[in-house]
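# Geometric and topological summary
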Amino acid sequence: MVSGVSIKNVLFLTDGDMKYSALADVFRKENITVKTLNDAPTESAFIELKPDLVLFDLSHERSVLNHWEIHPACFIPITHNPEDMDAFQSTWPFYIIWSVDGDHPDILMHRLLSFTRLSRGILPRSDDLTDGNTALIKLNILNDLLLSLDDHLRLSDALSAAAKYFDRMIHYDLLFFYSLWSDNIVLLSGESVSPRLKDAIHILSKAFLEEKNPEMSRMIPDFRYSDSENPVRDERIRDSLLFPFPSTGRFSGIIGFLSYKNNIYQDNDRTFFEDLTRQIETILGHLENIVRKKQEQQILTVFDQINDAMAIIDLQKELAYVNHYFQDLMGKYQKIIPYEELKNLFSQDWDKVQKTCLKDKKVYRHKVFLGENKADRLVFDTVTDRFRNLPFIENGLILVARNITDNQRVEDMKADLISNVSHELKTPVAIVKEYVSLMADGIGGTLSKDHQEFNSIIAKNLERLERLINNVFDVMKTEKTRRKQKITDVDIPDLIQEVVDLFKVRYASKNITQTTRVKDDLPPIPADRDVLMQILINFVENAYKYSDENSEVIIFADIRKDGNLYMYVKDHGRGIAKKDQDKIFQRFFRTGLDLERLPGVGLGLSITKDIVEQMGGEIWFESELNKGTTFYVSIPPMGKLNSEFNSE
Amino acid sequence: MTEYTILIIEDEPDMLRAIKLRLESIGFKVETASDGLEGLQKVKSIVPDLVLLDIMLPKMDGFKVCNMIKFDKKYKNIPVIILSAKSAQKDFHTAKTVGADAYLTKPFTTADMLKKIKELLPK
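What you see is a predicted model, and the numbers here were worked out from it, not measured in a lab.

Let us look at the interface of chain B and chain A. Chain B puts 15 residues into the contact, and the matching count from chain A is 13 residues. Summing both partners gives a buried area of about 1400 Å² for chain B against chain A, and 63% of it is carried by carbon and sulfur. Taken together, chain B and chain A are joined by one salt bridge. Across the pair D441 of chain A and R22 of chain B runs a salt bridge, and its minimum N-O distance is 2.6 Å. Remark: the boundary between chain B and chain A carries four residue pairs in polar contact (both at pLDDT 80 or more). The element that contributes the greatest number of residues to the side of chain B that touches chain A is helix 1 (residues 13-26) of chain B, accounting for seven residues.

This is the structure in structure tokens:
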């Protein structure tokens, strides 16, 4: 193989014509691996071969378009029908369209190799340029840029690589690029930028800008400042030629050629410069593409390491990049899938997702189930957000889906358990109620006055028991479907009095004093009254349960400087053992003593904690064995905070 | 008052007896069954004026029993009231799907039950 040739693998997409197989053989003689395909290439063909060069018959144009942005290969359309050339030249601006018709394969190969060989020969003057030669220049520069890109990946390096080709054909002593955005000057050849030279370039650029309005869409692509009597600042610069860059659209910089010689630039150089500038642009466009691809690869590598299913959705191209975890999930190893496929896999209201993320600029959360069957379906907690600041996607979404199947299973089991317990409790109550009611109505015989009274006491207490059971059931439901908030201005002293009244009878039965420490003039606080009530009831009920007879329970409430509602309920009961303290907010946890003799299912505290945290508040406690426990809450005023309660 | 026959299908004997006592005290004729299969057979042999049907029943659950009654041209006009301790939305929908005429959640008051029965009995 000729040294300096970067081509090692060639993917040859043909239409089956014999001329092509002859050409492929010539490649092979040069020890180049050639893979010939007659059908549309698949992604795996690219991944396996990693082609440097893709020669494709024009009939493959459409199928190649799917790949040419993804793989950093040099794509060359080729045809055996010369008439095709004109038609496709416009679609492929800076790649060669080459006809093999009538050419001997060896000659053709020679030409192709010289395109790809990076021959640094002297480029022809503009008047010698024929179509074929223009193509030659384009490809040479491109190849060299591709090579330099592997080492640097920097635009300025790429530009200076491009500049090497101008070196010997058009005389210039300095070639610079001036970026209007960063106000940076990149010298693309020779010397470093001395302050004086910098000044000179600034003066030239300013003069240029005065003449050309950067907002204009199309510029006359030349500007010449030439005055041998008054060289620009740096006395050596005597001739210059400047071009806007890019030449179409809003330009962002200026490319300039400077010379120390007088009147070096001729009028007929302009067209050539213009042509070259355009070529640099297209090459840079391609380079940027490659840089983007590299960045993309880096990002996607990180992406693949993540242990959640992730997808980056390109809404414009309607594609989704999926990571390894995601591919495992699909059972299909393909990095890029159609958006449609993702939509089908994670079925949720995607229109709503797009609206929430793109219009409302909010994160969209949803629970997604994979599989119909409840027993073996997978449950995912998904979060979708706008995808910003990424070079390769302008309008995108990112989806992260965490597999919470196991957690969900435990939650479901608990919910079922609660539901069953609730059912089991309700049935006997219902039966007893029926008989109490039958007796009250005198069915089965008239009751004595005393019996009627006893019966009504049973009935009253049954009602209470029923309410309690319903409460547990309701709490369980709030767990499953978080309730919507009802925010009102809550009068805290009034609320606390209601709780105290509620427990009056029970507290009296153990002769426990309820002491309230609440300022009467406490201002109303915006909150969900029922929720505050539920929290307090829980605390007061616990205090009651764990207090011994003849003790005191203190209920305190105040609004703190930060505006938070601060409440505590302090008992002088048996306290919580150190070993149990970190478990008390767990569901179904009850202390050893509890299990012996106290009623309850151990749900209260865990649910209270959930509720408080949903409101953005805090819950904590202090406890000492045999001295007592104090439960505290601090809750921010609602309304200030964005409510996170979902109504799903 | 015409004597209406009400069939109670309920596996909880104490509950069954309580409802029976209540209905008899008002003057209904009451028949009972304690599992789904027996219940269905009794629907066919007695042809009651109304059925009170529990959901969780041995041998055949209440929804199935209801479905069988409502599927049969001969019996589909017999009103069926489902009695259930479940109050989940899903069960309510299932009850509707199988053609139940009413759905009462336990514990229900005697008054509720009687009101429903009176509404549904043929005039």
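Let us now look at the packing of aromatic side chains. Residues and elements named next belong to chain A. Tallied over the entire structure, the rule returns 14 aromatic pairs over all chains. Note on F539 and F631: the rings are 5.3 Å apart at their centroids and 25 degrees apart in plane angle, and the pair reads as stacked. Of this pair, F539 sits in helix 16 (residues 529-546) while F631 is found in strand 23 (residues 628-635), placing the two residues 92 residues apart along the sequence. When sorted by exposure, F539 lands in the same class as F631, which is buried. With a centroid separation of 6.3 Å and 75 degrees between ring planes, the pair formed by Y566 and Y568 is classed as edge-to-face. Judged by its relative accessible area of 15%, Y568 is buried. What links up through ring pairs into an aromatic cluster is the set F556, Y566, Y568, W620 and Y632. Seen from the ring of Y544, K510 lies directly overhead, with NZ or CZ sitting 4.6 Å from the centre. The ring of Y566 carries the charged tip of R560 above its face, separated from the ring centre by 3.7 Å.

All names here are of chain A. In the contact formed by helix 15 (residues 492-509) and helix 16, the axes pass within 10 Å of each other and the chain directions differ by 30 degrees. As far as their axial angle goes, helix 16 and helix 15 are roughly parallel. Our pair here, helix 15 against helix 16, has a crossing hand that is right-handed. Residues I492, D494, L495, I496, E498, V499, L502, F503, R506, Y507 and S509 of helix 15 lie in contact with helix 16, whose contacting residues are R529, L532, M533, L536, I537, V540, E541, A543 and Y544.

A word on the pairing of strand 3 (residues 53-57) of chain A. Two faces make up the sheet, and in a regular strand the side chains alternate between them. All names here are of chain A. Among the five residues in strand 3, five count as buried, and that is most of the element. Residues L53, L55 and D57 line one face of strand 3 and the alternating positions V54 and F56 line the opposite face, and both faces are buried. Examined bridge by bridge, strand 1 (residues 9-13) and strand 3 share four bridges and lie parallel to one another. By the bridge assignment for strand 3, F12 is matched with L55.

Next up on the list: the sheet that holds strand 13 (residues 336-338) of chain A. Hydrogen bonds along the backbone pair up the strands of a sheet, which may run parallel or antiparallel. Residues and elements named next belong to chain A. Pairing is antiparallel across the open sheet formed by six strands, whose spatial order is 13-12-11-16-15-14. Looking at the sheet topology across the chains shown, the edges are occupied by strand 13 and strand 14 (364-370). Across the sheet, the mean angle separating the axes of adjacent strands is 25 degrees when strand polarity is ignored. Taken together, the seven bridges between strand 14 and strand 15 (residues 378-387) define a ladder with antiparallel strand orientation. Bridged to V368 within strand 15 is F380.

Before going further, it helps to spend a moment on helix 16 of chain A. In this model, helix 16 of chain A (18 residues) spans 26 Å end to end at C-alpha, consistent with the 26 Å of a helix rising 1.5 Å per residue. Judged by how many residues are buried, helix 16 of chain A sits mostly within the fold: 13 of 18 residues are covered.

The complete set of buried residues in helix 5 (residues 110-120) of chain B reads T110, M113, L114 and I117 of chain B. Looking straight down helix 5 of chain B, one finds that the buried residues subtend no more than 95 degrees of arc, so they occupy a single side. Exposed residues on helix 5 of chain B whose side chains face more than 90 degrees from its buried face are A111 and K115 of chain B. Where helix 5 of chain B is buried, its residues meet helix 13 (405-440) of chain A together with strand 1 (5-9), helix 1, strand 3 (50-54), strand 4 (80-84) and strand 5 (102-105) of chain B.

What follows concerns unusual backbone geometry. Its identity as a non-glycine residue notwithstanding, E318 of chain A has a phi of 60 degrees, on the positive side. Structurally, the position occupied by E318 of chain A is in the loop between strand 11 (309-314) and strand 12 (319-322).

All names here are of chain A. Judged by nonpolar contacts, the single largest core of 42 residues is most densely connected at I492, L532 and I535. Sort the elements by how many residues they give to this core and helix 16 lands first, with nine residues. In this view, I492 contacts V518, L522, I525, L532, A557 and L565; residues no more than four positions away in its chain are not counted.

Bringing the sheet that holds strand 5 of chain B into the picture now. All names here are of chain B. The five strands are arranged 2-1-3-4-5 in an open sheet whose pairing can be described as parallel. The sheet terminates laterally at strand 2 (29-33) and strand 5, the two strands that pair on one side only. In this sheet, neighbouring strand axes are inclined to one another by 20 degrees on average, regardless of whether the strands run parallel or antiparallel. The sheet contact formed by strand 1 and strand 2 spans five bridges and is parallel. Directly across from T5, in strand 2, lies its bridge partner K29. Packing of helix 1 onto the sheet brings it into contact with strand 1, strand 2, strand 3 and strand 4, and relative to strand 2 it is tilted by some 165 degrees. Packing against the sheet, helix 3 (residues 62-71) makes contact with strand 1, strand 3 and strand 4, and its axis sits at approximately 175 degrees to strand 4.

Each value, and the rule that gives it
Residues numbered from 1 in each chain as written. Chains lettered and ligands numbered in written order. Predicted model: local features only at pLDDT ≥ 70, side-chain atom pairs only at ≥ 80, totals over all residues. Heavy atoms only, no water. Contact = heavy atoms within 4.5 Å. Buried area = accessible area lost by both parts, 1.4 Å probe. Salt bridge = Lys/Arg side-chain N within 4 Å of Asp/Glu carboxyl O. Polar contact = N/O pair within 3.5 Å; in protein donor to acceptor, adjacent residues only side chain to side chain. Helix = DSSP H or I, 4+ residues; strand = E, 2+ residues; numbered from the N terminus. Phe/Tyr/Trp six-rings, centres within 6.5 Å; stacked < 30°, edge-to-face > 60°. Buried < 20%, exposed > 50% of the residue type's maximum accessible area, 1.4 Å probe, protein only. Lys NZ or Arg CZ within 6 Å of the ring centre and 35° of its normal. Axes fitted to C-alpha atoms, helices over the stretch in contact; angles between N-to-C directions. Parallel < 35°, antiparallel > 145°, perpendicular 65-115°, else oblique. Left-handed = near helix turned anticlockwise from the far one by under 90°. Pairing = 2+ DSSP bridges. Expected span 1.5 Å × (residues − 1). Arc of directions from axis to C-beta. Core = buried A, V, L, I, M, F, W, Y, C linked by side-chain atoms within 4.5 Å.

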